[in-house]
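# Fold and contact review
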Amino acid sequence: MLLESKFQPLINTFISRTRTDALTRPEDAVLGPVDLFIPAPAGSNKRLSYSYHIATRNLFAFVFQKPIVGECLGSALITLMEGLYRLRTQGADNIQDLTSYLDTVGYSSFNGQPKYALAILRLADVFQLRELYIDAFAHCCGMGGQIFLDPAYQVSGVGSHVLDDLLRV
């Protein structure tokens, strides 16, 4: 599944070096099951280690088309996108693949879902994804009464220019 999802750099970085076939013939090591060892960065405190492992878990959720987890959906999606750029094969269409993932798990179904609309608005703002931004923004405007009452609004971290635009509408 990792190879099909273009995560060869992740495999190369985190393959367990205890396997003799991985040491002698690394190109054959990915043809069957492999052990991956994905430790938190050295020197990480407990909070950073936890965040790192949540981000790692979310990469695998992406691979298996399952929902992600985290304290804030917008932040988790941004971290996921950063991981896609860092750990996938160069040339992989991360934007299209993420958009497809959002559709599959239902995060792009904004109707009555202010958390989803805010999260996608934040993601689109950070990565300058115009079409996704416009769609999420329109839904945020339509759910104005719900958006400002939603706890996700307080922690969404949407740029101040976006919030100014929402307040003007």
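This text follows the structure it describes.
Keep in mind it's a predicted model, so treat the numbers as computed, not measured.

## Description of the overall build of the protein chain
- Check the secondary structure of the protein chain and you find 11 helices and 0 strands.
- Taken from N to C terminus, the helices and strands of the protein chain fall in the order α-α-α-α-α-α-α-α-α-α-α.
- Considering the protein chain as a whole, with its 169 residues, one finds that 41% of them fall into the buried category.
- In the protein chain, of all internal contacts separated by at least 6 residues, the share reaching a separation of at least 24 is 55%.
- In the form shown here, the protein chain has an accessible surface area of approximately 9800 Å², with 55% of it arising from carbon and sulfur atoms.

## Comments concerning the environment of alanine 61
- Here alanine 61 is to be found in helix H4 (residues 46–63).
- In the structure, alanine 61 is positioned 19 residues away from leucine 80 in sequence and 9.7 Å away in space, judged by C-alpha atoms.
- In contact with alanine 61, other than residues within four places in its own chain, are Lys66, Pro67, Ile68 and Tyr101.

## Details of helix H5 (residues 73–87)
- Helix length check: H5 (15 residues) gives 20 Å between terminal C-alpha atoms against 21 Å at 1.5 Å per residue, within 8%.
- Turning to H5, its buried residues are Gly74, Ala76, Leu77, Ile78, Leu80, Met81, Gly83, Leu84 and Leu87.
- Buried residues along H5 sit in contact with helix H1 (8–14), H4, helix H6 (94–105) and helix H7 (114–127).

## Some details on the packing of H7 against helix H8 (residues 130–142)
- Where H7 meets H8, the closest approach of the two axes is 8 Å, and the angle between their N-to-C directions is 145°. Crossing angle aside, the handedness with which H7 passes H8 is left-handed. Across the interface between the two elements, Ala117, Leu118, Ile120, Leu121, Leu123, Ala124 and Asp125 from H7 touch Leu132, Tyr133, Ala136, Phe137, His139 and Cys140 from H8.

## Concerning H6
- With 12 residues, H6 extends 16 Å from end C-alpha to end C-alpha; this agrees with the ideal 16 Å at 1.5 Å per step.
- Of the positions making up H6, those classed as buried are Asn94, Leu98, Tyr101, Leu102 and Val105. Along the axis of H6, the buried positions cluster into a sector of 100°, meaning they face one direction only.
- Looking at the buried side of H6, the elements it contacts are H4, H5, H7 and H8.
- Immediately downstream of H6, the backbone of glycine 106 shows phi near 95°, a positive value.

Quick notes on the rules
Numbering of residues starts from 1 in each chain and follows the order in which that chain's sequence is written. Reporting of local features is limited, given that this is a predicted model, to residues whose pLDDT is at least 70; pairs of side-chain atoms are given and counted only at 80 or more, and all residues count toward the totals for whole chains, interfaces and linings. Side-chain descriptors were evaluated using all non-hydrogen atoms of the structure, hydrogens and water having been removed beforehand. Numbering of helices and strands starts at the N terminus; helices are DSSP runs of H or I of at least 4 residues and strands are runs of E of at least 2. Only protein chains enter the accessibility calculation, which uses a 1.4 Å probe. A residue is then buried if its area is under 20% of the maximum for its type, exposed if over 50%, and partly exposed in between. We call two residues contacting when some pair of their heavy atoms lies within 4.5 Å. Reported accessibility uses the Shrake-Rupley method at a 1.4 Å probe radius. Residues are deemed covered only where the shown protein chains occlude them. Multiplying one less than the number of residues by 1.5 Å gives the expected span of a helix. Axes here mean lines fitted to C-alpha atoms, for a helix over just the part in contact, with angles spanning 0 to 180 degrees between N-to-C directions. Crossing handedness: left-handed means the near helix sits turned counterclockwise from the far one by under a right angle, and right-handed means the same turn made clockwise. In this context, the arc is that of the directions from the helix axis out to the C-beta atoms.

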